Amino acid sequence: MIVDELPASDRATWRILGELAAERVRQDFQHGKQSDLPIVREDVSYGLSERAERAAYERYRADGRLSHMTIIMEELAECIHAPTEADLRAELIQCAACFVKAIEALDYQRSLK
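The next thing to look at is the packing of aromatic side chains. Within the structure shown, the criterion is met by 0 aromatic pairs. The cationic tip of R59 hangs over the ring face of Y60; the distance from NZ or CZ to the ring centre is 5.1 Å.

Before going further, it helps to spend a moment on the state of the cysteines. Working definition of a disulfide: a covalent bond connecting the sulfur atoms of two cysteines. This model, assessed by the stated rule, comprises 0 disulfides. C95 forms no disulfide, and the closest cysteine sulfur to it belongs to C79, at a distance of 4.4 Å. With no disulfide of its own, C98 lies 6.3 Å from the sulfur of C95, the closest cysteine sulfur. With relative accessibility at 15%, the residue C98 sits in the buried group.

The next subject is helix α4 (residues 85-111). In this model α4 runs 39 Å from its N-terminal to its C-terminal C-alpha over 27 residues, within 8% of the 39 Å that 1.5 Å per residue would give. Residues of α4 that are buried include every one of L88, E91, C95, C98, V100, A102 and A105, and no others. Looking at the packing, one finds that the buried side of α4 touches α1 (8-31) and α3 (68-80).

This part is about the packing of α3 against α4. Packed helices, taken two at a time, are described by their axes: the angle between them and the distance between them. Between α3 and α4, the shortest axis-to-axis distance is 9 Å and the interhelical angle comes to 165°. As summarised for this structure, α3 and α4 are arranged roughly antiparallel, according to the angle between their axes. When you trace α3 past α4, the crossing you get is left-handed. Here H68, I71, I72, E75, L76, E78 and C79 of α3 come into contact with α4, specifically with L88, E91, L92, Q94, C95, C98, F99, K101, A102 and A105. Across the contact of α3 with α4, the residue classes break down as 11 nonpolar, 2 polar and 4 charged.

Parameters at a glance
- Residues numbered from 1 in each chain as written.
- Predicted model: local features only at pLDDT ≥ 70, side-chain atom pairs only at ≥ 80, totals over all residues.
- Heavy atoms only, no water.
- Phe/Tyr/Trp six-rings, centres within 6.5 Å; stacked < 30°, edge-to-face > 60°.
- Lys NZ or Arg CZ within 6 Å of the ring centre and 35° of its normal.
- Disulfide = S-S within 2.5 Å.
- Buried < 20%, exposed > 50% of the residue type's maximum accessible area, 1.4 Å probe, protein only.
- Helix = DSSP H or I, 4+ residues; strand = E, 2+ residues; numbered from the N terminus.
- Expected span 1.5 Å × (residues − 1).
- Contact = heavy atoms within 4.5 Å.
- Axes fitted to C-alpha atoms, helices over the stretch in contact; angles between N-to-C directions.
- Parallel < 35°, antiparallel > 145°, perpendicular 65-115°, else oblique.
- Left-handed = near helix turned anticlockwise from the far one by under 90°.
- Nonpolar A, V, L, I, M, F, W, Y, C, P; charged D, E, K, R; others polar.

Given below as structure tokens:
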């Protein structure tokens, strides 16, 4: 399917995914594949508490002050504390989708100016 034939909201998503694919190629060129690096360092919490990030998410949502970064931080905490590889993979997909959604919102808000 040709991207330009999609509804505008879907075109934005596919364009961003194309940018992400190009960035991944650039990263591999610059740093190599890095497929052997560990996904998470077991000895580091990265300063993110799943409970604290969830509480912040709920608080900001209830107050009407939810932001994409709040959602992303909550998703990152879930990634860091995922109990299994399957859970980690699912959380990473959710986190990546949240980043794409934030980029879409950024582009949309910029188009209104």
